Amino acid sequence: MDVEERTAFRTCPLCEAGCGLEITVKGDRVTRIRGDQHDVFSHGFLCPKGSTLRQLHEDPDRLRQPLVRRDGELVAVSWEEAFAEVERRFTAFADEHGREALGVYVGNPNAHNLSALLYLKPLLKSLGTRNVFSASTVDQRPKELSSAWLFGGGLSIPVPDVDRTDLLVVLGANPYASNGSLATAPDWPGRIEAMRARGGRLVVVDPRRSRTAEEADLHLAIRPGTDALLLAAVVTALAAAGSIDAGTAGEWVDGIDEVVALLAPFTPAAVAPVVGIDAAAIEALAAELAAAPSAAVYGRIGTTTAEFGTVASWLVDVVNIVTGNLDRPGGTMFAKAAAGASNTRGKPREGRALKTGRHRSRVRGAAETMGELPAACLAEEIDTPGAGQIRGLVTVAGNPVLSTPNSERLDAALGTLDLYVAVDIYCNETTRHADVILPPPSALQKGHYDLALLQVALRNVANYSAPVLPLDDGQPDEWEILARLALIAQGMGADADPAIVDDLVVGALVQAAVGDEHGPLHGRDAADVLAELAPRTGPERLLDLLLRTGPYGDGFGAGVEESVAGVPGLSLDVLLAHPHGVDLGPLEPRLPDVLRTPTGRIDLLVEAVVGDLPRLEAVLARPVPEAVLVGRRDLRSNNSWMHNIEVLVKGRPRCTLHVHPDDAARWGLVDGAQAVVTGRVGRIEVPVEVTDAVRTGVVSLPHGWGHDLEGVALGVANRHAGVNSNVVTDEAVLDVPSGNAVLNGIPVAVAAA
Ligand SMILES: Nc1nc2c(c(=O)[nH]1)N[C@H]1C(S)=C(S)[C@@H](COP(=O)(O)OP(=O)(O)OC[C@H]3O[C@@H](n4cnc5c(=O)[nH]c(N)nc54)[C@H](O)[C@@H]3O)O[C@H]1N2
Ligand SMILES: Nc1nc2c(c(=O)[nH]1)N[C@H]1C(S)=C(S)[C@@H](COP(=O)(O)OP(=O)(O)OC[C@H]3O[C@@H](n4cnc5c(=O)[nH]c(N)nc54)[C@H](O)[C@@H]3O)O[C@H]1N2
Ligand code: SF4
Ligand SMILES: [Mo]
């Protein structure tokens, strides 16, 4: 019998670009995935990873049943047995050690996952521990903090208006490989090429001549870890030239003169020897920024996972502000997301100051930020005895053994835990230590909406994807797994109905909405609103509520009539009727109403940043290390977890150490042979690729590799194991204000093996 063929549309959840996919399905099998030509944002673009959602779904190593440790071995069990096992172990653990002995680590894929974005919070609350860690502190925490301090929201991050700018300055990002980050847009390469075709200029600041740098009009090969110095010198050069002009946005900014005075020691001449860029070139960059009709400075991983990540993140915005580029077309702008944004809720221009350090880590006293402790502290919290020691762990979509600094220490520590429950699709380098692994369904079996990433999109769009394939028999959805864990942690037992959590979450959101004086539901009866959301449940019900109460929402009758020409006020039904998404238009100026700061203005004098400037100044007198390690990304790879897909890993090995020819000669290295890279905490052996794409004194190695550990159940990845760069990165060094790990600019010694 012929099985009917159908077409489904789905946003790719693998990276931040959010491309629309057109998926052909025959029965329960995906037969083809290509770019959705009609997607309102991606217009058919996709990268080599997008079509591998099918391989990911069909990967025999992807877990389809929970695993439980019995006599030392992880064995497949039923879902009932798995939850019962969690309850048994959790109860015994809590009785013996108490909840503060529990740690939690949540990883990157949660940011792309509707279930996690909505149900992790109740899980964390139910677990009742302050030992919360996440991939945010090996990534963007510095930018979240500086944005919270400047604009009143961790995701109130001004994004570069690539589609309209005259000058794009990219520091520490390689969107040709990463497809962009904290600046959501499909087809960065196409956007950059369009910019250059209309006469715009691209400047790339990167110690490597990356793919993006190859496209640039100007590539400045900076010495790693010194972006804050460079940007400070740009401000100083602007001031010296009398070019400080904050433009229209300036009306809302305080502290410009004070900041210019504070940055005075960082002249181009003073920073040049450390930064590795001539004073004249720094002055020229400043002049170009001042002269451009519009310009956008954009910094990413190379600037945030660095020793001065917070200061650099702040300086990116300072430079955009003092050149008059904040909040104007072609400059850096705030997205206005259709759902979930805190900068469209509550009263405009009112907010509370974000505090950090409300509690501190036990061992080294590192400050809490946004309710979390630095991921770089996780290992020591497990392996250092004493009261409050972490003895149990929950991980959700995280692989810290490959992603966090000094990973051998963490790996060893995980082996000593009394309890470890993982929610993950694989038994990998981290989850192999688990007592229980609870696998969520594959991406194709889940609904999708980019609740987080659309808050930093380069264009306002809204796009919901329904699950493409049905759940396997007995397979709980990911939100149900998280909800059931929350119920177990609350002592309600392994059989408690996840609907209890769902109802609590929706109830709290409805209460907040009817209590928001500035929202469309103010004063409405919560029960009526809930009745209108019925019969939906789960993430879809919550999303419907968030869309309807959002800035383009129907407000249950009290919102907008038209979200955009011809499209009614948004709700989930409206999005379901638009499977290619709804285009809500280009970004528009949002000052001052986007602000949620205590003063209702942008105060540049951020205490934590100003307090960190002496530490930055001290670098000017510090000797430059002979060699430092930086990372890089490859288009066919995705952090640590897409290496089990043959089509992505086949061909030439990607986990190689890039070394400049002069350095190779100096250190006696030969292309293709092995090098030993030694840092303070560890040592690795890697194959060398000699290339003048890296500057001298810098070696580059991608992270997320090293799949040859015992017990890792990833057949393909195991054959393309590569080496874990985080064996060498140092957990002791942090960006002070944020506690973010330093993953670039690691002092190392390099020698032939
Ligand atoms: N040296 C160095 N280290 C780095 C970086 C660097 O540039 N250099 N980059 C850092 C950055 S930016 C990041 S974001 C982190 C990432 O750090 P992590 O978030 O710890 O690691 P990932 O590699 O993203 O691992 C994701 C995990 O989620 C699982 N997973 C995938 N999809 C799902 C799902 O739908 N549900 C669930 N429950 N699990 C799923 C995968 O199997 C994998 O175990 O790494 C950081 N580490
Ligand atoms: N294909 C692919 N796409 C991805 C990912 C992936 O693993 N693979 N990961 C996703 C994630 S989680 C994230 S956070 C984003 C990250 O997105 P990006 O920030 O674009 O990340 P990278 O491609 O690693 O680019 C970082 C660049 O910084 C440079 N760099 C290193 N140190 C310094 C420094 O001190 N100063 C400066 N100026 N530059 C420096 C590196 O050479 C590199 O070219 O990518 C996302 N997209
Ligand atoms: S660029 Fe990112 S979102 Fe687009 S297809 Fe590739 S992995 Fe998916
Ligand atoms: Mo990331």
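Since the model is a prediction, treat every value here as computed from it, not as a measurement.

All chains considered together, the criterion is met by 46 salt bridges. One salt bridge in this structure joins Asp 383 and Arg 409, with 2.7 Å as the shortest N-O distance. Here Asp 383 is found in helix 14 (residues 378–383), whereas its partner Arg 409 is found in helix 16 (residues 407–414), with 26 residues between them in sequence. Using a relative accessible area of 32% as the deciding quantity, one classes Asp 383 as partly exposed.

Another aspect to go through is the site of ligand 1. Around ligand 1, 30 residues are found, and the nearest of them are Tyr 105, Asn 108, Asp 424, Asn 428 and Ser 640. Ser 640 is positioned with one of its side-chain polar atoms (N or O) 2.5 Å from an oxygen atom of ligand 1. Contact with the protein chains removes 96% of the 920 Å² of surface that ligand 1 exposes when unbound. Each residue belonging to the shell around ligand 1 can be placed in one class, and the counts come to 13 nonpolar, twelve polar and five charged.

Right, let's get into the packing of helix 3 (residues 114–127) against helix 17 (residues 478–489). Two numbers describe how helix 3 lies on helix 17: the axes approach to 8 Å, and their chain directions differ by 10 degrees. On the basis of their axis angle, the class for helix 3 and helix 17 is roughly parallel. Between helix 3, through Ser 115, Ala 116, Tyr 119, Leu 120, Pro 122, Leu 123, Ser 126 and Leu 127, and helix 17, the contact on the second element is made entirely by Glu 478, Trp 479, Leu 482, Leu 485, Ala 486 and Ala 489.

Before going further, it helps to examine the site of ligand 3. Around ligand 3 sit Cys 12, Leu 14, Cys 15, Ala 17, Gly 18, Cys 19, Leu 46, Cys 47, Lys 49, Gly 50 and Asn 179, and those are all the residues in its vicinity. Looking at the shell around ligand 3 residue by residue, the class counts come to seven nonpolar, three polar and one charged.

Glancing now at the side chain of Asn 131. For Asn 131, the location among the structural elements is in the loop between helix 3 and strand 7 (132–134). Of the residues examined, Asn 131 reaches a relative accessible area of 7% and is grouped as buried. Among all residues touching Asn 131, those that are not within four sequence positions of it are Glu 100, Leu 102, Gly 103, Val 104, Leu 373, Gly 388 and Ile 390.

Attention now moves to the pairing of strand 5 (residues 73–76). Consecutive side chains along a regular strand alternate between the two faces of the sheet. Note that strand 4 (residues 67–70) and strand 5 share four bridges and pair antiparallel. Looking at the pairing, Leu 67 lines up with Ala 76 of strand 5. Linking two consecutive strands that pair antiparallel, namely strand 4 and strand 5, is a turn of two residues; a positive phi of about 50 degrees is found at Asp 71 within it.

What follows concerns the packing of helix 17 against helix 18 (residues 499–515). With their axes 8 Å apart at the nearest point, helix 17 and helix 18 run at an angle of 95 degrees to one another. By the angle between their directions, the pair helix 17 and helix 18 is classed as roughly perpendicular. Seen from helix 17, the contacting residues are Trp 479, Ala 483, Ala 486 and Leu 487; seen from helix 18, they are Ile 500, Val 501 and Asp 502. Of the residues contributing to the contact of helix 17 with helix 18, the split by class is six nonpolar, no polar and one charged.

The next thing to look at is the nonpolar core. Among the nonpolar cores identified, the biggest contains 97 residues, and Leu 168, Trp 188, Val 396, Leu 438, Tyr 449, Leu 543 and Leu 570 are the most heavily contacted of them. Those residues in contact with Trp 188 that lie beyond four places of it in its chain are Pro 160, Val 162, Leu 168, Pro 175, Asn 179, Gly 180, Ala 183, Tyr 298 and Leu 458. Formed by 62 residues, the second largest nonpolar core is a distinct cluster that contains Trp 314, Val 318, Leu 595 and Leu 613.

The final tally for this structure, using the stated rule, is eight cavities of 30 Å³ or more. The calculated volume of the largest cavity comes to roughly 100 Å³. If you trace the largest cavity, you find 13 residues lining it, with Thr 11, Gly 18, Asp 450, Leu 454 and Asn 463 closest to the centre. In terms of residue class, the lining of the largest cavity is made up of six nonpolar, five polar and two charged.

What counts and how
Residues numbered from 1 in each chain as written. Chains lettered and ligands numbered in written order. Predicted model: local features only at pLDDT ≥ 70, side-chain atom pairs only at ≥ 80, totals over all residues. Heavy atoms only, no water. Salt bridge = Lys/Arg side-chain N within 4 Å of Asp/Glu carboxyl O. Helix = DSSP H or I, 4+ residues; strand = E, 2+ residues; numbered from the N terminus. Buried < 20%, exposed > 50% of the residue type's maximum accessible area, 1.4 Å probe, protein only. Near = heavy atom within 4 Å. Polar contact = N/O pair within 3.5 Å; in protein donor to acceptor, adjacent residues only side chain to side chain. Areas by Shrake-Rupley, 256 points an atom, 1.4 Å probe, with all protein chains shown as cover. Nonpolar A, V, L, I, M, F, W, Y, C, P; charged D, E, K, R; others polar. Axes fitted to C-alpha atoms, helices over the stretch in contact; angles between N-to-C directions. Parallel < 35°, antiparallel > 145°, perpendicular 65-115°, else oblique. Contact = heavy atoms within 4.5 Å. Pairing = 2+ DSSP bridges. Core = buried A, V, L, I, M, F, W, Y, C linked by side-chain atoms within 4.5 Å. 1 Å grid on protein atoms, 1.4 Å probe; cavity = no way out; pocket = protein on both sides within 12 Å on 5 of 7 lines; lining within 4 Å. Points joined across faces, edges and corners; volume = space filled by probe spheres on them.

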